[in-house]
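So you can see what is in the structure, the chains are spelled out below.
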Amino acid sequence: MRTLHKTLIAVALAGVLALPLLELDADASAPETPDAPPAIVSVAPAVNAEFAPRHWSPGSVISRQDARVASEQGGRVVEVVEVGERIRAGQALAVLDDTALRLREQEGRADLARIQAQLDLAARQEQRYAQLAAQQNIARAQYEQLRADRDMLVQERARALAQLAQTRHQREQMVVRAPFTGIVAERHTQLGEYLTTGASVARLVDTASQEVRVRAPVDLAQHLGTGTSVLVRAGDTERAWPVTALVPVGDESSRQLELRIAIDATQMPVGSAVDVGLPSAGTRSVVAVPRDAVMLRREGDFVMRVDGAGKAERLPVETGVEVDGLVEVTGDVRVGDRLIVRGGERIEPGQAVSIQPASLAVAMR
């Protein structure tokens, strides 16, 4: 019995002594955990840029030639153009019934022929009376009366010619013609209606000649002028155009002045709404970073910089104006700093990064 007790004690001691050895064997057999690979990122440098602060004002695309073409004569409409039809300059917008004027023209031609016949007779009589007066066969006063009658016929002929020309002009005005090439945007009369003098026939818009009309505060007048470059933004597109006209007269109630900016007719249709960026101050030098480098967070904006050891570093910044994809920043960012613009959303400060080549970054976009 005593021998069994000693045996059990010896087995227990052997087990206790064997535990450290088992732990050492387990540690030796467990594989080592490798370090996480560097995060792949794209970087872009911070640059020194010349920024001009801008004031954005709403504007509209209008046509430089937009007219409600009216008739100079009254009459019944016998022809009229359709809405949406493209009309060349000089082409008919509407045709009025000219029956009355055509008859008046015939009457005028008949009066002119009658006067011309009387004038020819008076001319022949003047020649005969001149011979008789030279031979003293008639009184001098009779000859002078004939010449006076001839002169009156000359004036009547001139009057008949003027009336005939006026009638022909009125007949020409019975066809309302387009003053310029454009699109019929509206039609204000219908076939068979009586069109009064001065009434509008149609609205004609030249879609090939466009400009932006915008109003700006009078305080910006010192920074604006003909030829000043402004930005015109429509949706996601933005382009610089020069100011073509400036009216330096502010409205007393709104304190604003008007600008006109000629644009390419293929850009936007007439009536489009745009935003115009007007220079509001002089140009200043700032530190700017790409838009994608700025991380916008509720607790504050920041950028991720890659230091000399290839590790990410978080820099809090305050953002300013944005011009052409570059954002003005103030903080510890310096010109030439390598800032993460792609792949930095989940990178923590101090994490190692691997900068991918620019060609690969373009291919992955």
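Residues numbered from 1 in each chain as written. Predicted model: local features only at pLDDT ≥ 70, side-chain atom pairs only at ≥ 80, totals over all residues. Heavy atoms only, no water.

**Quick notes on the overall build of the protein**
Looking only at helices and strands, one finds four helices and 23 strands in the protein. Expressed as a percentage of its 365 residues, the buried residues of the protein come to 32%. Excluding contacts between residues fewer than 6 apart, the proportion of contacts in the protein whose partners are at least 24 apart in sequence is 75%. Taken as a whole, the protein presents about 22,700 Å² of accessible surface, with 51% of it coming from carbon and sulfur. (Helix = DSSP H or I, 4+ residues; strand = E, 2+ residues; numbered from the N terminus. Buried < 20%, exposed > 50% of the residue type's maximum accessible area, 1.4 Å probe, protein only. Contact = heavy atoms within 4.5 Å. Areas by Shrake-Rupley, 256 points an atom, 1.4 Å probe, with all protein chains shown as cover.)

**Some remarks on the side chain of Gln-73**
Following the sequence through the fold, Gln-73 ends up in the loop between strand S4 (66–70) and strand S5 (75–80). On the accessibility criterion, Gln-73 (18% relative accessible area) is buried. Other than its neighbours up to four places away in sequence, Gln-73 contacts Leu-96, Gln-170, Gln-173, Met-174, Leu-195, Thr-196 and Thr-197.

**Here's the deal with the packing of aromatic side chains**
Under the defined criterion, the tally for this structure stands at zero aromatic pairs. Across the ring face of Trp-56, the terminal group of Arg-233 is positioned such that the distance to the ring centre comes to 3.8 Å. Geometry around Phe-302 places Arg-314 over its ring, the cationic atom sitting 4.2 Å from the centre. (Phe/Tyr/Trp six-rings, centres within 6.5 Å; stacked < 30°, edge-to-face > 60°. Lys NZ or Arg CZ within 6 Å of the ring centre and 35° of its normal.)

**Comments concerning unusual backbone geometry**
Although it is not a glycine, Arg-255 sits at a positive phi angle of roughly 55°. With respect to the secondary-structure elements, Arg-255 resides in the loop between strand S15 (245–247) and strand S16 (256–263).

**Considerations on the sheet that holds strand S13 (residues 229–234)**
Here we have seven strands laid out as an open sheet, ordered S14-S13-S17-S3-S12-S16-S15, and antiparallel in their pairing. For this open sheet the edge positions go to strand S14 (237–242) and S15, each flanked by a neighbour on one side alone. Going from strand to strand, the sheet's axes swing by 30° on average, the running direction of each strand aside. (Pairing = 2+ DSSP bridges. Axes fitted to C-alpha atoms, helices over the stretch in contact; angles between N-to-C directions.)

**Overview of the environment of Arg-215**
Along the chain, the position of Arg-215 falls in strand S12 (residues 210–217). With 45 residues separating them along the chain, Arg-215 and Arg-260 place their C-alpha atoms 8.9 Å apart. Sequence-distant contacts of Arg-215, that is, excluding residues within four places in its chain, are made with Ser-57, Asp-251, Ser-254, Gln-256, Leu-257 and Glu-258. Here Glu-258 takes part through its side chain, which lies 3.4 Å from a polar atom of the side chain of Arg-215. (Polar contact = N/O pair within 3.5 Å; in protein donor to acceptor, adjacent residues only side chain to side chain.)

**Considering the sheet that holds strand S7 (residues 92–96)**
As summarised here, the arrangement of the four strands in space is S8-S7-S5-S10, forming an open sheet in which the pairing is antiparallel. Among the strands making up the open sheet, the edge pair consists of strand S8 (175–177) and strand S10 (194–195).

**Examining the pairing of S13**
Across six bridges, S13 lies against S14 in antiparallel orientation. Paired with Ser-229 across the two strands is Pro-242, which belongs to S14. In this structure, the hairpin formed by S13 and S14 is closed by a connection of two residues, where Gly-235 is found at a positive phi of approximately 65°. Bridge count for S13 against strand S17 (residues 273–279) is three bridges, and the pairing is antiparallel. Each residue of the ladder has a partner; that of Arg-233, found in S17, is Asp-275.

**Some words on the pattern of salt bridges**
What the rule picks out here adds up to 19 salt bridges. The shortest N-O distance in the salt bridge between Arg-233 and Glu-238 comes to 3.6 Å. For Arg-233, a relative accessible area of 29% puts it in the partly exposed group. One network of salt bridges, with partners in common, ties together Asp-98, Arg-102, Glu-105, Arg-109, Arg-168 and Arg-171. (Salt bridge = Lys/Arg side-chain N within 4 Å of Asp/Glu carboxyl O.)

**Observations concerning the environment of Trp-241**
Position of Trp-241 among the secondary structure elements: in strand S14. On the accessibility criterion, Trp-241 (13% relative accessible area) is buried.

**Digging into the side chain of Ser-57**
As for its placement among the helices and strands, Ser-57 is situated in strand S3 (residues 54–63). Judged by relative accessible area, Ser-57 falls into the buried class, the value being 3%. At 3.1 Å, the side chain of Ser-57 and the side chain of His-55 are in polar contact. Other than its neighbours up to four places away in sequence, Ser-57 contacts Val-214, Arg-215, Ala-216, Pro-217, Val-274, Asp-275, Val-276 and Leu-278.

**Quick word on the pairing of strand S21 (residues 326–331)**
Judged from the three bridges that link them, strand S18 (residues 284–290) and S21 form a sheet pairing that is antiparallel. Within S21, the position partnered with Pro-290 by the bridge is Leu-326. Hairpin connection, strand S20 (residues 312–323) to S21: the antiparallel pair is bridged by two residues, and Asp-324 has positive phi, about 55°.

**Considerations on the confidence of the model for the protein**
Parts of the prediction with low pLDDT should not have their coordinates interpreted in detail. Counting all residues, the mean pLDDT for the protein is 83, and 84% of those residues have values of 70 or more. Low pLDDT, under 50, characterises residues 359–365; the predicted model gives this stretch four contacts beyond four residues in sequence or across chains. (pLDDT = per-residue confidence, 0-100.)

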